[in-house]
Structure formats: C-alpha cells, structure tokens
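# Geometric and topological summary
Residues per chain, in single letters:
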Amino acid sequence: MERVPIYDNHIHLSPGGRNVDALKEFENSGGTGLTLVTLPYSEVKISGADDFMRSYGITLSMADLARERTELKVNVAVGPYPILLLPLAERFGPERAEELMMKGMKMAAELVASGKADAIGEIGRPHFIVSKEIKEASDRILVYGMELAAENDRPVIIHSESGSPELMKELSGMAKSVSLSPGKVIKHFSPPLVRDDETYGVMPSIPASKKAIREALGKGDRFMLETDYIDDPERPGAVMSVNTVPKKVTGLLESGEMTQETAWKIGRDIPDRMFER
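Let us look at the structure shown here. Keep in mind that this is a model prediction, so the values were computed, not measured.

Along the chain, His 12 turns up in the loop between β1 (7–11) and α1 (20–28). Within polar-contact distance, the side chain of His 12 engages the side chain of His 10 at 3.3 Å. Apart from the residues lying within four places of it in its own chain, the contact partners of His 12 are Leu 36, Val 37, Thr 38, Leu 39, Glu 122, Asp 228, Tyr 229, Ile 230 and Asp 231.

Given below as structure tokens:
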C-alpha cells in the first residue's frame with residue numbers, strides 16, 4: 001500500500017540548530033514533504049539590501065542539504081520577515097527601512113522567478129500592535145510582495161495578527177487588487193477557518209494541535225497543516241516539535257477521525273497544487 005503523504009507547511013531550520021537531523025526525525029515519523037521558510041538568521045544581520053540575499057542563500061543551502069540526505073519533498077519560501085521593518089526603521093528611519101524591505105521582496109521574487117524558491121514568504125505585518133506608520137508601510141510592502149507573486153503565479157505565505165474571517169477578507173481583497181488569486185495566499189498560523197465564508201478564498205495553514213485539526217475536519221478538508229518548528233537549540237520543542245504533523249495525522253487516521261481521502265488531499269493534493277510549477 002502506498003505511503004500516506006504527510007506535509008508540514010511551515011518549518012524553519014537554523015544553521016546552528018539540528019538542521020537536517022530535525023528533518024530526518026520528521027521523515028522517520030512519517031513526514032513526506034514540507035515548506036522550508038526563511039527566517040532572520042543570527043549569522044546575517046540585515047543592514048543592507050544584499051544581506052537579504054545572503055539570508056535567503058542560507059535557506060536554499062539548507063534545502064539542498066535536506067534533499068541530499070532525505071527523501072523528503074522540500075519546497076522553499078523566501079521573503080523579508082515582516083518584523084525586520086521595526087529595527088530597520090529605528091536604525092535608518094521609516095522611509096529607508098521600507099525601501100530596504102521592498103528590495104528584499106524583489107530579491108525573493110527573483111529567486112522564485114528563477115525556480116530556486118517556490119513561494120514568497122513569510123511576509124506581511126507584525127502580529128502585535130504597532131504605530132499607524134509601521135502598519136501602513138507593512139501593508140504596502142505586503143501588497144508589493146503579492147504583486148510580484150502574481151507576476152510569477154506563485155504563492156505568498158502571510159505572517160500577521162491572528163486570523164479571523166475579517167482578516168481573511170482583507171487579505172483576499174489585497175490579493176485581488178494586484179490580480180493574485182486569493183487561493184495563492186496562505187495564512188500562516190491560521191485558526192481552523194475552513195469554510196468559504198471564513199476564508200474568502202485564502203488558504204488556511206493551521207497549527208497541528210489535535211483540537212484545531214478536529215475543528216477543521218468538522219468544516220471541510222481545504223486546509224494545510226503546520227508546526228512553525230523553529231529549530232532553536234535553546235528551545236528544542238518550540239513552537240511545536242518537528243514530528244507533530246506526522247504523529248497527529250497518523251493518530252487521526254488510526255482513530256477513523258480522518259479519512260484516507262482527506263489525508264491525501266491535505267498531504268499531497270493541496271501542497272502539489274500550491275507549489276508545483
């Protein structure tokens with residue numbers, strides 16, 4: 001019988017962390033694919049536009065290593081992490097900070113266009129209260145990222161405040177304003193919003209707690225699962241352990257709470273449709 005595909009849509013690795021060993025654990029637990037998402041690395045301080053490309057290069061190198069040492073399907077998302085706008089604005093002023101973030105976005109899009117990366121992300125805005133100036137700048141940077149994604153027909157992965165139907169509607173409207181399909185907008189760390197009247201076409205990527213998965217399954221099967229594993233040696237289980245998605249999916253299949261059809265849809269069909277060229 002063919003192995004059930006199990007996909008984690010949001011994993012970070014760190015050069016100083018477990019790195020590919022974490023992905024071996026994921027694979028040994030039943031994982032078959034993942035989205036490797038860039039994150040600011042301590043090895044690269046972002047102080048100029050070129051630093052973004054250096055940071056993305058770390059992500060791409062870790063993806064290459066994962067492909068060499070595992071059988072996992074690895075999709076890669078690169079983009080200027082939204083929170084970086086704050087220290088950049090403090091250091092260089094808001095206008096220069098926005099300009100640097102825009103350049104970082106363009107560099108991410110160039111990697112996507114060349115086929116080296118599969119999505120732009122995680123991009124968006126801070127998940128906590130910020131000044132009106134920072135929020136408006138963040139939204140301009142986000143819309144620019146969506147515009148670049150639309151030009152390349154690739155997805156964006158959104159970091160923002162906690163999800164709600166109102167937020168999903170806002171993200172959907174932003175995407176449509178630059179001719180990006182809302183279905184190409186992935187809301188990272190989404191609550192279990194699954195119905196059309198909750199998502200407005202945006203794809204929810206739901207943290208893989210048993211409670212959230214059960215609630216999502218009660219509404220449908222149009223969602224992705226994630227851990228947001230951050231590979232921090234000082235916090236080995238944060239945010240969730242790397243084997244969480246395989247364990248939860250396997251358990252729900254064994255209990256009959258998740259059907260094989262649903263497992264294949266969220267573990268293969270949706271990721272393939274989202275990331276395949």
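Anyway, onward from the coordinates.
Right, let's get into helix α8 (residues 210–217). Those residues of α8 lying buried are Ala 212, Ile 213 and Ala 216. The arc that holds the buried residues of α8, viewed along the axis, is 100°, so those residues lie on one side. Those residues of α8 that are buried lie in contact with β7 (203–207), β8 (224–226) and α9 (244–255).

Among all residues except glycine, the phi angle is most often negative; among peptide bonds, the trans geometry is most common. Following Gly 121, the chain continues to Glu 122 via a peptide bond in cis, the omega torsion being -5°. Structurally, Glu 122 is set in strand β4 (residues 119–124). You will see that Asp 153, though not glycine, has its phi angle at about 55°, which is positive. Relative to the elements of secondary structure, Asp 153 occurs in the loop between α5 (132–152) and β5 (156–159).

On to the nonpolar core. Judged by nonpolar contacts, the single largest core of 62 residues is most densely connected at Ile 120, Met 146, Val 156, Leu 171 and Val 185. No other element matches helix α4 (residues 94–113), which puts nine residues into this core. When residues no more than four places from it in sequence are discounted, the contact partners of Ile 120 are Val 78, Met 105, Ala 108, Ala 109, Val 112, Gly 145, Leu 148, Ala 149, Pro 155, Val 156 and Ile 157. Ile 186, Ala 212, Phe 223 and Leu 225 belong to the second largest nonpolar core, which has 29 residues in total.

Before going further, it helps to examine the pairing of β1. Successive residues of a regular strand alternate their side chains across the two faces of the sheet. Of all five residues making up β1, five are buried, and the element is well covered by its neighbours. The pairing of β1 with strand β2 (residues 33–37) spans three bridges and is classified as parallel. Note on β2: the bridge partner recorded for Tyr 7 is Gly 33. As for the winding sense of the linkage, the β-α-β connection from β1 through α1 to β2 is right-handed.

Here the focus is the side chain of Thr 38. Among the structural elements, Thr 38 can be located in the loop between β2 and α2 (49–69). Among the polar contacts listed, one links the side chain of Thr 38 to the side chain of Thr 59, at a separation of 2.7 Å. Not counting residues within four places of it along the chain, the set of residues in contact with Thr 38 comprises His 12, Ser 55, Tyr 56, Thr 59, Ala 77, Val 78, Gly 79, Gly 121 and Glu 122.

Reading guide: rules and limits
- Residues numbered from 1 in each chain as written.
- Predicted model: local features only at pLDDT ≥ 70, side-chain atom pairs only at ≥ 80, totals over all residues.
- Heavy atoms only, no water.
- Helix = DSSP H or I, 4+ residues; strand = E, 2+ residues; numbered from the N terminus.
- Polar contact = N/O pair within 3.5 Å; in protein donor to acceptor, adjacent residues only side chain to side chain.
- Contact = heavy atoms within 4.5 Å.
- Buried < 20%, exposed > 50% of the residue type's maximum accessible area, 1.4 Å probe, protein only.
- Arc of directions from axis to C-beta.
- Core = buried A, V, L, I, M, F, W, Y, C linked by side-chain atoms within 4.5 Å.
- Pairing = 2+ DSSP bridges.
- Right-handed = clockwise from strand over helix to strand, strands pointing away.

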